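# Understanding the architecture of this molecule
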Amino acid sequence: MSEGTLYDKVWEEHTVSELPTGQTQLFCGLHLIHEVTSPQAFGMLQERDLEVAYPNRTHATVDHIVPTSDQSRPFRDDAAEEMMAELEQNVRDAGINFSDPTSGEQGIVHVIGPEKGLTQPGMTIVCGDSHTSTHGAFGALAFGIGTSQIRDVLATQTVAMEKKKVRKIEVTGELGPGVEAKDVILEIIRRLGTEGGVGYVYEYAGEAIENLDMEGRMSICNMSIEGGARAGYVNPDETTYDWLKETEYFQENPERFDELKPYWESIRSDEDAEYDDVVTIDGSELEPVVTWGTTPGQGVGITQPIPAPEDLPEEKQDTARMAQEHMGVTPGETMEGYEIDVAFLGSCTNARMPDLRRAAGVVEGRQVADGVRAMVVPGSQRVKAAAEAEGLDEIFKEAGFEWREAGCSMCLGMNEDQLEGDEASASSSNRNFIGRQGSKDGRTVLMNPRMVAAAAVTGHVTDVRELKEVSVA
Amino acid sequence: MTDEIPEIDSASGSGVPIRGNDIDTDQIIPARFMKVVTFDGLGEFAFFDQRYDENDEPKDHPMNEPQFQDAAIMVVNANFGCGSSREHAPQALMRWGIDAIIGESFAEIFAGNCLALGIPTVTADHDTITELQDWVDEHPDADIDVDVENETVTYGEKTVDVTVDDAQRKALTEGVWDTTALMKSNADAVAEKAASLPYVDD
Ligand code: SF4
């Protein structure tokens, strides 16, 4: 059993009781809700005549179904309008703060929580969305929950959970040029498998992680769930604290920063903490990783050959064969040159300012390739405004990208932004499951945001490091 | 309220095999069917894109085959239910008729969502599962008994050991899998906890 880790400490700190099932009743410091997974929970609450116990510790936004083009009401899509209206009604009745599209702060729930300073170290954070793990970047214990659990949290501000094991993933060394946080996490999932993290919480540590900015840490924690781990975190440090200072909450309550800092320091994993497992990865060896298949674990370095199914462990062979057939890729070849129809720069994994800045750096002075539909969907209205203030929107638009409103968009194809037929997409999102981007024949290649930009301008999967050299020369 | 929660010691019924590892929640219930504010009626959309082509014509899929229409026990492989936290996935399976799932392994949030609905998710090794899936193909009408309490599955003449997560077993067999009422009764302790946390200022 782990001991002295951030996970152990935050767990302890939030334990209310041990339930007869052997589960722990855990207090939830922050409950984020959105339109897709909450209405049924509010319905269950009403059925039982219960009220929202801690509306002040609950925050709502809308992200999955909002259109990212015309957001005027009523939404063109009746179902989307109904879900929006339902959420508005629920938050109004319960007195829950709502970052709606008129607020200037709406966005993907995992982007706005950190931006507003709602997400803080040492908190427990839950949301009816598996990528809640994102908030672990701040040293919070954050995990996705199902709708019945949302009901529990609304009614009691607590959740019933079993304690997990802790695996420390140490990424040593310095990342090479062109290698980003996204590549680190795709590599981790490739090595440990999509179910490697089941039963574990991941602690990301080591020089390569410490050197990342907060956005990079969020990209990594975000995809913990793709690795099977329900939560992942990074111990808070000066990078975390500097970021927090700039958030809305600490701008408005600067005195809280000094009051809370000792707590944040106290929940860091001890130097001599014990882990259930430790994995070390040499970050200096990594290169940009892209997926060749239909699970996030089916990734490969951009210069490396796509594996032959028979070279994989037996239990992975069938899935690999089906994936390669779906994607139309050939073992032995690299992914370089794989033609794409759509470039999607967005999602809670990679649609924050540094992501857009880096991608704009690749796009500047170039044009989107003929026949490619390229779009940027900022993670939040704040990100969008900040990018516009820097002129990033102009760079993207001049190159031929669509510049959209904030939302989940083509990450899961619940609004109008979807792949059509067997279109292939270079995507900065987190899931390449068949059908994920709205078309069941669609093909998704996951990659870092600069790689998406490179694919957009060349029309095929491209090693962005090469592209750079060509333009410099 | 707690006394209304049934104790679930076992589940039985005929089986349906769903083969393949890493079957994700987008396959179990595609996102476009989630634009709903209740779970009613999700059953017919379970595995929709696997079951129907673009013209809504049925494809080869166990859940389309007449002999499996009354199935209550689903037999699956590894990492079943990975992906999103959508409770729509087990809701769709439940509303299609599934009462228990036997598999090699389950994604955690999915298993938790099943528990909240009173659906046991029991595990066994690869060979045991494969054998059971083959048996179900040959005996689509025969019952499978999932004994949650004793961690066994019985089919035909055979009884095999399976694993049920401790908390899940307790929750199901003692009828405490509906946690809302249970936790609500600790409201005072929750309030105390909230007051003790440094970041709670309201
Ligand atoms: S951006 Fe994608 S992964 Fe993130 S919350 Fe939205 S749908 Fe989920």
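Residues numbered from 1 in each chain as written. Chains lettered and ligands numbered in written order. Predicted model: local features only at pLDDT ≥ 70, side-chain atom pairs only at ≥ 80, totals over all residues. Heavy atoms only, no water.

As a further point, take the overall build of chain A. If you tally the helices and strands in chain A, you get 17 helices and 19 strands. What you see for chain A is a C-alpha radius of gyration of 21 Å, in line with the 23 Å of a compact globule of 473 residues. Structurally, chain A occupies a C-alpha span of about 60 × 55 × 45 Å along its principal axes. Taking all 473 residues of chain A together, 67% fall into the buried category. Restricting to contacts in chain A with at least 6 residues of sequence separation, those with at least 24 account for 75%. When the accessible surface of chain A is summed, it comes to about 15,600 Å², and 44% of that surface belongs to carbon and sulfur atoms. A distance of 1 Å separates the average location of the 40 positive side-chain charges in chain A from that of its 84 negative side-chain charges. (Helix = DSSP H or I, 4+ residues; strand = E, 2+ residues; numbered from the N terminus. Rg over C-alpha atoms; globule rule 2.2 N^0.38 Å. Buried < 20%, exposed > 50% of the residue type's maximum accessible area, 1.4 Å probe, protein only. Contact = heavy atoms within 4.5 Å. Areas by Shrake-Rupley, 256 points an atom, 1.4 Å probe, with all protein chains shown as cover. Lys, Arg positive; Asp, Glu negative; His and termini not counted. Charge placed at Lys NZ, Arg CZ, Asp CG, Glu CD.)

Now for the UniProt feature "binding site: [4Fe-4S] cluster" (unreviewed entry) in chain A. Residues and elements named next belong to chain A. Within the UniProt annotation, "binding site: [4Fe-4S] cluster" (unreviewed entry) is assigned to C348, C408 and C411. Spatially, the listed residues are clustered: although they cover 64 residues, their C-alpha atoms lie within 8.8 Å of one another. Within the secondary structure, C348 sits in the loop between β15 (342-345) and α13 (353-363). Once residues within four sequence positions are removed from consideration, C348 is found in contact with I108, H110, V111, H131, N222 and N430. Residue position: C411 is located in the loop between β17 (402-403) and β18 (424-427). For C411, a relative accessible area of 7% gives the class buried. Once residues lying within four places of it in the same chain are set aside, the contact partners of C411 are F344, S347, S429, N430, R436 and Q437. (UniProt positions renumbered as here; feature names shortened; annotations may be inferred.)

This next bit is on a negative patch on the surface. All names here are of chain A. Together, E3, E271, D272 and E274 line one region of the surface with negative charge. With respect to the helices, strands and loops of the structure, E271 is situated in the loop between α11 (254-266) and β12 (277-282). By relative accessible area, which is 84% here, E271 ends up exposed. (Patch = residues over 30% accessible without salt bridge, like charges linked within 9 Å, V, L, I, M, F, W, Y side chains within 5 Å. Salt bridge = Lys/Arg side-chain N within 4 Å of Asp/Glu carboxyl O.)

As enumerated under the stated definition, the model contains 44 salt bridges over all chains in all. Residue R151 of chain A pairs with D152 of chain A through a salt bridge whose shortest N-O separation is 3.7 Å. For the residue pair R151 of chain A and D152 of chain A, the accessibility class agrees, reading buried in each case. Across the pair D137 of chain B and R19 of chain B runs a salt bridge whose closest N-O atoms are separated by 2.9 Å. Taken together, the residues D137 of chain B in helix α5 (residues 126-138) and R19 of chain B in the loop between β1 (10-18) and α1 (25-28) connect sequence positions 118 residues apart. When its relative accessible area of 36% is taken as the criterion, D137 of chain B is described as partly exposed. Each of R48, R151 and D152 of chain A together with D178 of chain B takes part in a single network of salt bridges with overlapping partners.

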